[in-house]
Amino acid sequence: KQEVTQIPAALSVPEGENLVLNCSFTDSAIYNLQWFRQDPGKGLTSLLLIQSSQREQTSGRLNASLDKSSGRSTLYIAASQPGDSATYLCAAMNYGGSQGNLIFGKGTKLSVKP
Amino acid sequence: KAGVTQTPRYLIKTRGQQVTLSCSPISGHRSVSWYQQTPGQGLQFLFEYFSETQRNKGNFPGRFSGRQFSNSRSEMNVSTLELGDSALYLCASSLVGQGMDGQYFGPGTRLTVT
C-alpha cells in the first residue's frame, strides 16, 4: 500500500532564501508524482507533474526532481518570496490496481517572512 | 479555458440529512475524481468517474456515492450525514486520468454537519 510522507510538517524561512521540500513514497511503482500548492481554505493549484520516466521538471523558480529508486521527490524553490507562503502537497499516482487516484502526503506548511 | 468549478462553495447540514455536491470539469476533460480533506486524515480519495462509469473507488462507506453525466459533469451524494463528514470536498478533472496526465482541482465545497 502506497504511503507518502512529507518532512518537515512546517517550515519558516526569511525572504530570499532558497529552500527544498521533501517527499518520500514507499512504493516505487508510480505512474507520476505531482506537486500542489494550497492556500488556506482554498483548493489545490497544480505546480509540477513528473512522469515516472522523467527525472525533473521546472517552472519558473520551481524545480521538482524524482528518484524512483530511492522513493523520493524534492521541490526546490529559488529566491523565496512572502507570496510563496502556503501548504505544499506532493501526491503519487500508482501504476496498477489503484490507478486513477492520487495518494497525498500531509503537506509542508511554508511561511516566508519579509 | 475555464477551470474546474464546484457548487455550492459552502454548505451547512444537520446530522441525518443528505447532500449533493456538483462538479463541472475543465472543458474536454473526461475523468473526474473526488477527494475528502480533513485536518486529521488529510486528503483521501473517494472515487473516480470516466465516461459515466465509476472506474476506481476509495475506502469510504456506501453512504458516499457519485455519478457522472454525458457532459462529464459529476455529482457526489452523501446520505445520512454524520458529524465526521464535515470536510472540504474537492473534485479534480483530467483529460483521461489513470496517471497519463495531471489532475486539476476545483476550489472545493466546504461541508459543515451540525
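For the structure itself, consult the block above.
Notes on the structure follow. (Residues numbered from 1 in each chain as written. Chains lettered and ligands numbered in written order. Predicted model: local features only at pLDDT ≥ 70, side-chain atom pairs only at ≥ 80, totals over all residues. Heavy atoms only, no water.)

So, about the pairing of strand β5 (residues 42-50) of chain B. Residue and element names in this part refer to chain B. Among the nine residues of β5, eight are classified as buried, and the element is accordingly described as predominantly covered. Judged from the eight bridges that link them, strand β4 (residues 31-38) and β5 form a sheet pairing that is antiparallel. Bridged to tryptophan 34 within β5 is phenylalanine 47. Connecting the antiparallel pair β4 and β5 is a turn made up of three residues. The pairing of β5 with strand β6 (residues 53-57) spans four bridges and is classified as antiparallel. Each bridged residue has a counterpart across the sheet, and for tyrosine 49 the counterpart in β6 is glutamine 54. Connecting β5 to the antiparallel partner β6 that follows it, the hairpin turn spans two residues, and serine 51 within it adopts a positive phi of roughly 50 degrees. (Buried < 20%, exposed > 50% of the residue type's maximum accessible area, 1.4 Å probe, protein only. Helix = DSSP H or I, 4+ residues; strand = E, 2+ residues; numbered from the N terminus. Pairing = 2+ DSSP bridges.)

So, about the state of the cysteines. Residues and elements named next belong to chain A. Scanning the entire structure with this criterion turns up two disulfides over all chains. Note that cysteine 23 is cross-linked by a disulfide to cysteine 90, the S-S spacing being 1.9 Å. Sign of the S-S torsion, about 75 degrees for the bond between cysteine 23 and cysteine 90, identifies this disulfide as right-handed. Placement of the pair is cysteine 23 in strand β3 (residues 19-25) and cysteine 90 in strand β9 (residues 86-94), with a sequence separation of 67 residues. We note that cysteine 23, like cysteine 90, is buried. (Disulfide = S-S within 2.5 Å.)

Our next topic: the sheet that holds strand β7 (residues 64-68) of chain B. Residue and element names in this part refer to chain B. The strand order across the open sheet formed by four strands is β1-β3-β8-β7, and the pairing between neighbours is antiparallel. Edge positions in the sheet fall to β1 (5-7) and β7, since each of these pairs with one other strand and no more. Each adjacent strand pair in this sheet contributes to an overall mean axis angle of 20 degrees, direction not counted. (Axes fitted to C-alpha atoms, helices over the stretch in contact; angles between N-to-C directions.)

Counting residues in hydrophobic clusters, the biggest one holds 23 residues, and the most contacted among them are A:Leu21, A:Leu33, A:Trp35, A:Leu75, A:Ile77, A:Tyr88 and A:Leu110. At the level of elements, β3, β4 (30-38), β5 (44-51), β7 (62-67), β8 (72-77), β9 and β11 (108-113) of chain A are the ones that each hand at least two residues to this core. For A:Leu33, the contacting residues outside a window of four places in its chain are A:Cys23, A:Phe25, A:Leu48, A:Leu49, A:Ile50, A:Leu66, A:Ser73, A:Cys90, A:Ala91 and A:Ala92. Within the second largest apolar cluster, 21 residues are counted, among which are B:Leu11, B:Cys23, B:Tyr49 and B:Met76. (Core = buried A, V, L, I, M, F, W, Y, C linked by side-chain atoms within 4.5 Å. Contact = heavy atoms within 4.5 Å.)

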